[in-house]
Amino acid sequence: MGIVKIDDELHGEIRKASSVMVRSINAQAEYWIKIGMLAEANPSMTFSDIMRDQMMLAEVDLRKVIGG
C-alpha cells in the first residue's frame, strides 16, 4: 500500500462521488485510476468499450446481469 498526495478539492470530489457510487473513497480513487490508465493505453476505445472488455475479462455474463 502506498500514499498518494492529492489536492484537497479533488479529495472532496472523490468523497462525493464515492457516496453516489457506493464505494469507499479509496475504492473510488482506485477505480478512476484504473479506468484512466486503461483509457490512456487504449485511446481509440470509448468508456463503454473499456468497461465491456473488463467485464469480459472478469467473465461477467452481462445477459444474467441485465436479464437477457
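So, a few notes on the structure that sits alongside this text. (Residues numbered from 1 in each chain as written. Predicted model: local features only at pLDDT ≥ 70, side-chain atom pairs only at ≥ 80, totals over all residues. Heavy atoms only, no water.)

**Quick notes on the pattern of salt bridges**
Counted only if it meets this: We define a salt bridge as a contact between a side-chain nitrogen of Lys or Arg and a carboxyl oxygen of Asp or Glu at a distance within 4 Å. Numbering of helices and strands runs from the N terminus; a helix is a DSSP stretch of H or I covering at least four residues, while a strand is a stretch of E covering at least two. Whether a residue is buried, partly exposed or exposed follows from its accessible area with a 1.4 Å probe, protein chains only, as a fraction of its type maximum: under 20%, in between, or over 50%, in that order.
A complete count under the given rule lists three salt bridges for this structure. Here Glu 13 and Lys 16 are joined by a salt bridge, their closest N and O atoms 2.8 Å apart. A residue pair is termed a helical-turn pair when its members lie 3 or 4 positions apart in one helix, as Glu 13 and Lys 16 do in helix α1 (residues 8-21) at three residues. Note on Lys 16: relative accessible area 49%, which makes it partly exposed. Taking the shortest distance from any N to any O, the salt bridge between Arg 63 and Asp 61 comes out at 3.2 Å. Overall, Asp 61 belongs to the partly exposed group, its relative accessible area being 27%.

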